[in-house]
Amino acid sequence: MNMRIDTDFPGGNLLVKEIRAGEAVVAVDQRDTPSPWFYWCFRAAFQEKGEYRFRFDQPNKIGTRGPAVSYDNGITWEWLGRACVDDSGCSFVYSHDGKGGPVIFCMGMQYQPVHLDRFLEAHADSPFLRKEILCRTRKGREVELLTIREPGVKSPHKLLLTSRHHCCEMMATYVLEGILLEALENAEVRRTFEVFAVPFADKDGVVDGDQGKGRAPHDHARDYGESPIYPETASIMKLMKEESIDFCLDLHCPWIHGKDNEAIYFVGPPLRSMEEKTKVFAEFLRKEAEGIVPYDGEILLYGTSWNTGANYIQGSPMRDWAIRQPFNRFGASMEIPYANAGETTFEPRMMRNFGRCIARAMIRFSQEIKK
Ligand SMILES: [Zn+2]
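About the criteria used
- Residues numbered from 1 in each chain as written.
- Predicted model: local features only at pLDDT ≥ 70, side-chain atom pairs only at ≥ 80, totals over all residues.
- Heavy atoms only, no water.
- Helix = DSSP H or I, 4+ residues; strand = E, 2+ residues; numbered from the N terminus.
- Expected span 1.5 Å × (residues − 1).
- Buried < 20%, exposed > 50% of the residue type's maximum accessible area, 1.4 Å probe, protein only.
- Contact = heavy atoms within 4.5 Å.
- Donors = N, O, S within 2.8 Å, 3.2 Å for Na, K, Ca; no water.
- Pairing = 2+ DSSP bridges.
- Core = buried A, V, L, I, M, F, W, Y, C linked by side-chain atoms within 4.5 Å.
- Domains from an automatic or database assignment.
- Axes fitted to C-alpha atoms, helices over the stretch in contact; angles between N-to-C directions.
- Parallel < 35°, antiparallel > 145°, perpendicular 65-115°, else oblique.
- Left-handed = near helix turned anticlockwise from the far one by under 90°.
- Nonpolar A, V, L, I, M, F, W, Y, C, P; charged D, E, K, R; others polar.
- Buried area = accessible area lost by both parts, 1.4 Å probe.
- Salt bridge = Lys/Arg side-chain N within 4 Å of Asp/Glu carboxyl O.

## Some points on helix α6 (residues 272–289)
- Helix length check: α6 (18 residues) gives 25 Å between terminal C-alpha atoms against 26 Å at 1.5 Å per residue, within 8%.
- Buried within α6 are the following residues: Met 274, Glu 275, Thr 278, Phe 281, Ala 282, Phe 284, Leu 285 and Ala 289.
- Those residues of α6 that are buried are in contact with β15 (265–267), β16 (299–300), β17 (330–335) and α8 (348–370).
- Trailing α6 by a residue or two, Gly 291 shows a phi angle of about 80°, which is positive.

## Some points on the coordination of the zinc ion
- Within the first shell, the zinc ion binds the protein through His 166 (ND1), Glu 169 (OE), Glu 169 (OE) and His 252 (ND1), at distances of 2.0 to 2.4 Å.
- Mapped onto the sequence, the donors of the zinc ion take the spacing H-x2-E-x82-H. Of this pair, His 166 sits in the loop between β12 (157–163) and α2 (171–185) while His 252 sits in strand β14 (residues 247–252), and the two are 86 residues apart along the sequence. Take His 166 and His 252: they sit in the same class, and that class is buried.

## Topic: the pairing of strand β11 (residues 142–148)
- For β11, the buried fraction is high: six of the seven residues fall into the buried class.
- Pairing geometry for strand β10 (residues 129–136) and β11, over seven bridges, is antiparallel. Along β11, the bridge assignment pairs Arg 130 with Thr 147.
- Counted along the chain from β10 to the antiparallel partner β11, the turn is five residues long, and its residue Gly 140 has a positive phi close to 90°.

## Some points on the nonpolar core
- Core analysis: the largest hydrophobic core is formed by 97 residues, its most contacted members being Phe 54, Phe 105 and Phe 354.
- Summarising the domain contributions, this core has at least three residues from each of domain 1 (3–106) and domain 2 (113–370).
- Phe 354 has contacts with Val 175, Ile 264, Leu 285, Ala 289, Ile 292, Val 293, Tyr 295, Met 334 and Ile 336, leaving out every residue within four places of it along the chain.
- Counting residues in hydrophobic clusters, the runner-up holds 19 residues, among them Phe 196, Ile 236, Ile 245 and Met 318.

## Considering the sheet that holds strand β7 (residues 78–79)
- The strand order β1-β4-β9-β6-β7 describes an open sheet built from five strands, whose pairing is antiparallel. The open sheet has two edge strands, β1 (3–6) and β7, and neither has a second partner.

## With respect to the pairing of β12
- With seven of its seven residues buried, β12 lies for the most part within the structure.
- Where burial is concerned, the two faces of β12 agree: the one with His 157, Leu 159, Leu 161 and Ser 163 and the one with Lys 158, Leu 160 and Thr 162 are both buried.
- Both β12 and strand β13 (residues 193–198) contribute to a ladder of six bridges, which runs parallel. From the neighbouring strand, Leu 161 faces β13, where its bridge partner is Ala 197.
- Pairing between β12 and β14: five bridges, direction parallel. Bridge pairing in β14 places Leu 160 opposite Cys 248.

## What to know about the packing of α2 against α8
- Between α2 and α8, whose axes approach to 6 Å, the crossing angle comes to 55°. The angle between α2 and α8 places the two elements in the oblique class. Crossing geometry of α2 relative to α8 is assigned as right-handed. Residues Met 171, Tyr 174, Val 175, Glu 177, Gly 178, Ile 179, Leu 181, Glu 182 and Glu 185 of α2 form the contact with α8, whose participating residues are Pro 348, Met 351, Arg 352, Phe 354, Gly 355, Arg 356, Ile 358, Ala 359 and Arg 360.
- Across the contact of α2 with α8, the residue classes tally to ten nonpolar, two polar and six charged.

## Side note on the domain arrangement of the protein chain
- Taken domain by domain, the protein chain consists of domain 1 (3–106) and domain 2 (113–370).
- On a C-alpha basis, the centroid separation for the pair domain 1 and domain 2 is 29 Å.
- Each side of the interface is counted separately: domain 1 has 26 residues, and domain 2 has 31 residues.
- Between domain 1 and domain 2, a total of about 2300 Å² is buried, with carbon and sulfur atoms accounting for 58% of that surface.
- Asp 210 is the partner of Arg 31 in a salt bridge, and the nearest nitrogen-oxygen pair spans 2.6 Å.
- Classifying every residue of the side of domain 1 that touches domain 2 gives twelve nonpolar, nine polar and five charged.

Printed below as a string of C-alpha cells:
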C-alpha cells in the first residue's frame, strides 16, 4: 500500500521522516519557532483502497476533533473525528475507499487567501466593501486591507479587525469573516462603525504554512512598539494613528486542547479601565451568542493562567499597544478554539455566525459606553 505525501500548496507544512507500507512517520515543520507547536497541513495521494496511518513523532499535534480533511483541494473542510486517533494521541488512521483524488489533512480547518478571495468575489457588487493593499510583506506579498463604509454616512466610530498575527490560527479568520458579513448586511453596523480588517496580519506565514507562534526573534503579536520588525505591524500602527481608529479586536486561537483551550474567551487587558469595558462587552456578546455558540462571558483576567507579564516579555500585542493610544476607546483580544467549545464542535458556518454576534454586540456596547 503506497501513498505519496506533499506540501507544495499554500499553507503546506510537514516533515516526512519515513514511509513504509501504509504508514507514514511525520513531524511538524517548526520553521523559525523554537518551542514545539502543532501546525501541519499536507496532501496525500493513495494508490489503493485501505487503511493508512499517519504517526507524529511527538505528542500534542492532533486536536480534539481529530484532523480536518478536505476532498476539494482545501476549499471545504470536515473533521475526521477523534475515533481515528490512537490512544497515545500521536497517530490517526485514514480509510481510503480507493476512489477520488488526493486528500488534504490539516490540524484545523484551513483559511487561506483562496477563502478570502471567494468571500470578496461573493460580495464584488457590494457598494460598501473595498479591498485595498495595507502594505507588502518581507517577501513582497500584498497584505489585504478590507474596508466597509456606508457611502455618504460618517460613522461615529472606526473598528479595526485583525487575525493571524499568529499565522497558524485559522479558525479566527472565519469569525472575522462573519463580522464582515454582518457589517455588509446590517446597516446599523455600518452606521455605527467604519470597518477596517486585516485578515492576514502575517501573510507570509499564512501562505508559507509557518507556525508563526513564538517565531524568533519574536512573532507578529509581540511586535507593537517603537521599532517593529514586520512591515504588517508597522503599517497597522500607522493606519490606526492616521485614521484614529477607536475600536479594535484582535482574533486568535489558543493552544491545541485542554483547559483554557476548549472555550471561547477574551484575553483580559493589563489596564483596569479596559478590563471593566471588556466585561461589559463580554456580557453583550454572551447574550447575542445564546443558542448560536457556547460563550459564557469568560475573560481570562490579566495576571491569571498564562496571561501574565511573563507572556509579553518579548513585546506587546496589538491590543496592548492600541489601548494606550489617546484615540482608543476599546481594544480587545479573543481566543477562538481550533475545534470546539466543550461538547460543541466548531465549523466555518458556526464561526461566521459567532462573528455576526460580535458585530451586533459591538453596536450595543458602543451605545452603552457612550452613556
Ligand atoms: Zn495567537
